[in-house]
Amino acid sequence: MANRAFYYVDGIPTKGMWIDLDDINDTDEVLQHLAEEKLIPVDEDGEQNYGGDLLVADIEGPLVECFYSSRCDSLDLSGFVEARDYCKGDEDKEEAVAEFIENVAGSGPFSSDDFESAYCGEYDSEEEYAKQLVDDLGYLDQIPENLRFYFDYEKFARDLFINDCYFSNGHVFNRNY
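Residues numbered from 1 in each chain as written. Predicted model: local features only at pLDDT ≥ 70, side-chain atom pairs only at ≥ 80, totals over all residues. Heavy atoms only, no water.

Participant: Got a minute to help me understand the overall build of the chain in this structure?
Facilitator: Counting its secondary structure elements, the chain contains 7 helices and 8 strands. Against the globule reference of 16 Å for 177 residues, the chain gives a C-alpha radius of gyration of 22 Å, more extended than a compact globule. Taking the principal axes of its C-alpha atoms as reference, the chain extends roughly 85 × 25 × 25 Å. Burial analysis of the chain (177 residues in total) assigns 38% to the buried set. Considering only contacts within the chain whose residues lie at least 6 apart along the sequence, 52% involve residues at least 24 apart. Within the structure as shown, the chain displays about 10,500 Å² of accessible surface, and the carbon and sulfur contribution to it stands at 43%. Positive and negative charge centroids in the chain, built from 12 and 44 side chains respectively, lie 6 Å apart. (Helix = DSSP H or I, 4+ residues; strand = E, 2+ residues; numbered from the N terminus. Rg over C-alpha atoms; globule rule 2.2 N^0.38 Å. Buried < 20%, exposed > 50% of the residue type's maximum accessible area, 1.4 Å probe, protein only. Contact = heavy atoms within 4.5 Å. Areas by Shrake-Rupley, 256 points an atom, 1.4 Å probe, with all protein chains shown as cover. Lys, Arg positive; Asp, Glu negative; His and termini not counted. Charge placed at Lys NZ, Arg CZ, Asp CG, Glu CD.)

Here is the structure:
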């Protein structure tokens, strides 16, 4: 899904346009699009010449949603560009990054290092992740085969996700990254 924003100027929502953010790198490029549509003034050289408010009335796309504030009609474009460039057009990664920003990272700026430290993968359930973790770490290797089925993965998963992990829309994150 494309990440788009409806930018408007002069505090007039009807004086604006939808801009595809997947190819935008900074505010100057947004202003250039607005100038091409004659929504902001240009000087005699054809360069945009606008010093007013640049506002965002609406957005589309899961990733851009994380950087939009409807309360003040603003968009953290530089934060969005950093996250978008990290995802490189991979919609699954965009979804995971959006879940990370919304549910784990808090209000600070996006950090690809933090995401990579926290992201554990995509799973169908908390229990599926717990089973994979037990297997990967060899927790039951020292227990005889005939006793392993007594291990309660459901309760282990419940305890794991109380403090250490977070599950959201199929994505698992380590809270203690």
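Read on, since the account is not over.
Participant: How should the sheet that holds strand S3 (residues 54-60) be read in this particular structure?
Facilitator: By way of backbone hydrogen bonds, the strands of a sheet pair with one another, either parallel or antiparallel. Read from one edge to the other, the open sheet built from 3 strands follows the order S2-S1-S3, with strand pairing classed as antiparallel. Of all the strands in the sheet, the pair left with one neighbour each is strand S2 (12-20) and S3. In this sheet, neighbouring strand axes are inclined to one another by 30° on average, regardless of whether the strands run parallel or antiparallel. In terms of strand pairing, strand S1 (residues 4-9) meets S3 through 6 bridges, oriented antiparallel. Counterpart to alanine 5 in the pairing with S3 is isoleucine 59. Relative to the sheet, helix H1 (residues 27-36) contacts S1, S2 and S3, its axis offset from that of S2 by approximately 115°. (Pairing = 2+ DSSP bridges. Axes fitted to C-alpha atoms, helices over the stretch in contact; angles between N-to-C directions.)

Participant: Quick question: what am I supposed to make of the packing of helix H3 (residues 77-87) against helix H4 (residues 91-105) here?
Facilitator: The description of two helices packed together rests on the angle between their axes and the distance between the axes. The geometry of H3 relative to H4 is characterised by a closest axis approach of 9 Å and an angle of 140° between their N-to-C directions. With respect to their mutual orientation, H3 and H4 come out oblique. Crossing geometry of H3 relative to H4 is assigned as right-handed. Facing Ala83, Tyr86 and Cys87 of H3, the residues of H4 in contact are Lys93, Glu94 and Val97. The residue inventory of the contact of H3 with H4, partitioned by class, reads 4 nonpolar, no polar and 2 charged. (Parallel < 35°, antiparallel > 145°, perpendicular 65-115°, else oblique. Left-handed = near helix turned anticlockwise from the far one by under 90°. Nonpolar A, V, L, I, M, F, W, Y, C, P; charged D, E, K, R; others polar.)

Participant: Is there a simple way to think about the side chain of serine 168 in this case?
Facilitator: Within the element layout of this structure, serine 168 appears in strand S7 (residues 165-168). By relative accessible area, which is 9% here, serine 168 ends up buried. Of the polar contacts made by the side chain of serine 168, one reaches the side chain of glutamate 99; its length is 2.3 Å. Beyond its immediate stretch of four places on either side in the chain, serine 168 contacts Glu99 and Asn103. (Polar contact = N/O pair within 3.5 Å; in protein donor to acceptor, adjacent residues only side chain to side chain.)

Participant: Just to check I follow, could you spell out the packing of helix H6 (residues 126-137) against helix H7 (residues 153-163) for this structure?
Facilitator: Here H6 crosses H7 at 100°, and the two axes come no closer than 8 Å. As summarised for this structure, H6 and H7 are arranged roughly perpendicular, according to the angle between their axes. Together, Glu126, Glu127, Tyr129, Ala130, Lys131, Leu133 and Val134 of H6 and Tyr153, Glu154, Phe156, Ala157, Leu160 and Phe161 of H7 make up the contact between the two elements. Its residues assigned to classes, the contact of H6 with H7 shows 9 nonpolar, no polar and 4 charged.

Participant: Explanation requested: the side chain of arginine 84 in the structure shown.
Facilitator: Relative to the helices and strands, arginine 84 is located in helix H3. Side-chain polar atoms of arginine 84 contact the side chain of asparagine 25, separated by 2.8 Å. In this structure, arginine 84 is in contact with Leu21, Asp22, Asp23, Ile24, Asn25, Leu63 and Gly89, ignoring residues within four places of it in sequence.

Participant: Would you take a moment to explain the pairing of S2 for this structure?
Facilitator: Looking along a regular strand, one sees the side chains alternate between the two faces of the sheet. Pairing geometry for S1 and S2, over 6 bridges, is antiparallel. Note on S2: the bridge partner recorded for phenylalanine 6 is tryptophan 18. In textbook terms, the turn of a hairpin is the stretch between consecutive antiparallel strands, and for S1 and S2 this stretch comprises 2 residues, one of which, aspartate 10, has a positive phi near 60°.

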